[in-house]
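Remarks on the overall topology
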Amino acid sequence: MIYLKNLEDEVYFNEYAQSLKNRKGDVAMLEEIKSLLQTRKKMIAEAEGKKAQQNKLANIIGALKILEKNGGALTAEDKTKLDISTTEAMLNSQAVKGLEKAVKEMEETLHGKLATLPNKCHSTVPVGTSEKDNVEIKKVGEPRKFSFTAKTHDELGQKLGILDFDRGGKVAGARFTFLLGLGARLERSLINFMMDLHAKEHGYTETIPPYIVNSQALFGTGNFPKFRDDVFHLEGTDYHLIPTAEVPVTNFYAQEILKEEQLPTRFAAFSACFRSEAGSYGQDTKGLIRQHQFDKVELMCFVHPDKSYEEHERLTSNAEEVLKRLELPFRRLALCTGDIGFGAAKCFDLEVWLPGQNAYREISSCSIFEDFQARRADIRFRPADGGKPRFVHTLNGSGLAVGRTLVAILENYQQEDGSVLIPKALQPYMGTDVIKAQV
């Protein structure tokens, strides 16, 4: 039960309770957990007391039996003492077993309840009830003014012959798409551009992780048990398709103790992502915004606790750099307590401007988890001074969601004739400066 810090500490408990209330969480369950923790503590203390008494009785019984074995005559008082001690020892042993069983059962109950509690929000997270209370930190770039009515990416993609939603639906179902021709090349170009930028200039280690993970990995990142319905499961196995590369990459160091000099360790991971989108029916049913399968470049960092908020700014800036080089207008938001993710202590969302929707839409979430994930996955480091191992802090963010970046390029770089210009930064990867309809 290491998923949160010490809830039995009154100061921490009160801070956490306020954070949970700000998150619109179940404070009543927190009080129940506190009561269970206190009962557990008393039961453990009682069991330890009985074990100590057991040792005393064992010494008494042992001394009397040695005396008897060596030919010494036991007095009537000694025999009575031996009988009483033996009976007490047997009763004590039964009581200890009963207490240990009760503690184990209580810990299983606590495990289930604690695993559903979200992270404690950082003190700088804005308090709010919904996305309407998120705070805009900055805007970068001016939305383009069109001399014509801007089309949506799905209109553009179908007319250009680079997106086929109907055939994607035919072979798989709703929210699957074929990318064709220069559409497929644009996707590949974005992946290579992002990975090159993060690996060569930002210093991340490239990785392509497994696309299938087990339940423990999903528990480690906070996806299980709360968000089990959002994940695709492979029937008859403990295998699950990843909702994001965050899951396998976070667990890269699960159950390991790193050396302090290994921190920070940074990964840039490319993967396909798979989400059931449970509960999202009716939302973004058209186009590429909310697909069951999509590509993403994920940034993942393992850092020293003293430097994690500095790293959060660095990671967010690295994600922003992709948008800057593609010359796409965007804004940064600080998510409020009512909108922040389950495991995050603090989160910045990057939203890109989409002319076809006349709105900013999320393209990256950059989160710091402090030690929330490290506790669940048991990822620690040994301080250079040889002190006791400590939990690392983890961070991640999209750098970026590839499909949504493709959407942003189609809509922001569209021309009146239906063609789409290619951003200068992508032209060396694309081998062309424009996508036109095939005659």
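Refer to the structure above for everything that follows.
Only a predicted model underlies this, so the values are computations on that prediction, with no experimental measurement involved.

Observations concerning the sheet that holds strand β5 (residues 212-214)
The sheet built from 3 strands is open, its strands ordered β5-β7-β6 with antiparallel pairing. The open sheet has two edge strands, β5 and β6 (233-234), and neither has a second partner. Sheet topology note: the β5/strand β7 (residues 239-241) ladder contains 3 bridges and is antiparallel. The partner of Ile 212 across the bridge, within β7, is Leu 241.

A look at unusual backbone geometry
A cis amide bond, omega 5°, links Phe 224 with the succeeding residue Pro 225. Summarising the element assignment, Pro 225 is placed in the loop between α7 (215-221) and β6. The step from Leu 263 to Pro 264 runs through a cis peptide bond, and the omega angle for that step is 0°. Along the chain, Pro 264 falls in the loop between β8 (256-259) and β9 (265-274). Within the chain, Gln 255 stands out as a residue other than glycine whose phi angle is a positive 60°. Along the polypeptide, Gln 255 turns up in the loop between α8 (246-250) and β8. What makes Gln 255 exposed here is its relative accessible area of 54%. One non-glycine residue, Glu 370, lies in positive phi territory at about 50°. Positionally, Glu 370 belongs in strand β13 (residues 359-370).

Side note on a nonpolar patch on the surface
A contiguous nonpolar surface patch, about 260 Å² in accessible area, is contributed by Val 171, Phe 178 and Leu 180. Residue placement: Val 171 occurs in helix α5 (residues 165-171).

Notes on the pattern of salt bridges
Going through the model one piece at a time under the given rule, you end up with 17 salt bridges. In this structure, Lys 138 engages Glu 320 in a salt bridge whose closest nitrogen and oxygen atoms are separated by 3.0 Å. Here the residue Lys 138 occupies a position in strand β1 (residues 135-140), and Glu 320 occupies one in helix α9 (residues 308-325), the gap between them amounting to 182 residues. Given the relative accessible area of 29%, Lys 138 is considered partly exposed. Owing to a relative accessible area of 1%, Glu 320 belongs among the buried residues under this scheme. A salt bridge links Glu 311 to Arg 266; the shortest N-O distance between them is 2.6 Å. Of the two residues, Glu 311 sits in helix α9 while Arg 266 sits in strand β9, which places them 45 residues apart along the sequence. You'll find Glu 311 and Arg 266 in the same group, each marked buried. One salt-bridge network, in which partners are shared between bridges, spans Lys 138, Glu 313, Glu 320 and Arg 332.

What to know about the pairing of β9
The element β9 is largely enclosed, with a buried count of 10 among its 10 residues. The alternating pattern of β9 places Thr 265, Phe 267, Ala 269, Ser 271 and Cys 273 and Arg 266, Ala 268, Phe 270, Ala 272 and Phe 274 on opposite faces, both of which are buried. In terms of strand pairing, strand β4 (residues 205-207) meets β9 through 3 bridges, oriented parallel. The residue bridging Thr 205 from the neighbouring strand is Phe 267, located in β9. Across 10 bridges, β9 lies against strand β10 (residues 293-303) in antiparallel orientation. Across the sheet, the residue bridging to Ala 272 is Asp 295, located in β10.

As for the packing of helix α6 (residues 182-201) against helix α11 (residues 402-412)
Orientation of α6 relative to α11, taken along the N-to-C sense of each, is 115°, at an axis distance of 10 Å. Seen along the crossing, α6 lies across α11 with a hand that is right-handed. Residues Gly 183, Leu 186, Glu 187, Leu 190, Ile 191 and Met 194 of α6 pack against Val 402, Gly 403, Thr 405, Leu 406, Ile 409 and Leu 410 of α11. Considered class by class, the residues forming the contact of α6 with α11 number 8 nonpolar, 3 polar and 1 charged.

What about helix α1 (residues 10-22)?
Across its 13 residues, α1 extends 18 Å between first and last C-alpha, which sits within 8% of the 18 Å expected from 1.5 Å per residue. N-cap assignment for α1: the residue whose side-chain oxygen lies 3.3 Å from the backbone N of Val 11 is Asp 9. Once α1 ends, the next one or two residues include Lys 24, with phi positive near 70°.

Points about the packing of aromatic side chains
Aromatic ring pairs are reported here in terms of the distance separating the ring centres and the angle at which the planes meet. Taken as a whole, this structure holds 11 aromatic pairs when the rule is applied. Ring geometry for Tyr 12 against Tyr 16: centres 6.3 Å apart, planes inclined by 25°, an arrangement best described as stacked. Pair noted here: Tyr 12 and Tyr 16 are both in helix α1, with a separation of 4 residues, about one helical turn. Note on Tyr 12: relative accessible area 13%, which makes it buried. Residue classification places Tyr 16 among the buried positions, given a relative accessible area of 0%. Plain terms: the ring middles of Phe 252 and Tyr 253 are 4.9 Å apart, the flat faces sit at 85° to each other, and that makes the pair edge-to-face. Members of the aromatic cluster, joined through ring pairs, are Phe 252, Tyr 253, Phe 267 and Phe 302. The aromatic ring of Phe 224 is capped on one face by Arg 228, whose charged end is 4.0 Å from the ring centroid. Sitting over the ring of Phe 219, Arg 376 keeps its end group 4.1 Å from the ring centre.

About the thresholds
- Residues numbered from 1 in each chain as written.
- Predicted model: local features only at pLDDT ≥ 70, side-chain atom pairs only at ≥ 80, totals over all residues.
- Heavy atoms only, no water.
- Pairing = 2+ DSSP bridges.
- Helix = DSSP H or I, 4+ residues; strand = E, 2+ residues; numbered from the N terminus.
- Buried < 20%, exposed > 50% of the residue type's maximum accessible area, 1.4 Å probe, protein only.
- Patch = residues over 30% accessible without salt bridge, like charges linked within 9 Å, V, L, I, M, F, W, Y side chains within 5 Å.
- Areas by Shrake-Rupley, 256 points an atom, 1.4 Å probe, with all protein chains shown as cover.
- Salt bridge = Lys/Arg side-chain N within 4 Å of Asp/Glu carboxyl O.
- Axes fitted to C-alpha atoms, helices over the stretch in contact; angles between N-to-C directions.
- Left-handed = near helix turned anticlockwise from the far one by under 90°.
- Contact = heavy atoms within 4.5 Å.
- Nonpolar A, V, L, I, M, F, W, Y, C, P; charged D, E, K, R; others polar.
- Expected span 1.5 Å × (residues − 1).
- Polar contact = N/O pair within 3.5 Å; in protein donor to acceptor, adjacent residues only side chain to side chain.
- Phe/Tyr/Trp six-rings, centres within 6.5 Å; stacked < 30°, edge-to-face > 60°.
- Lys NZ or Arg CZ within 6 Å of the ring centre and 35° of its normal.

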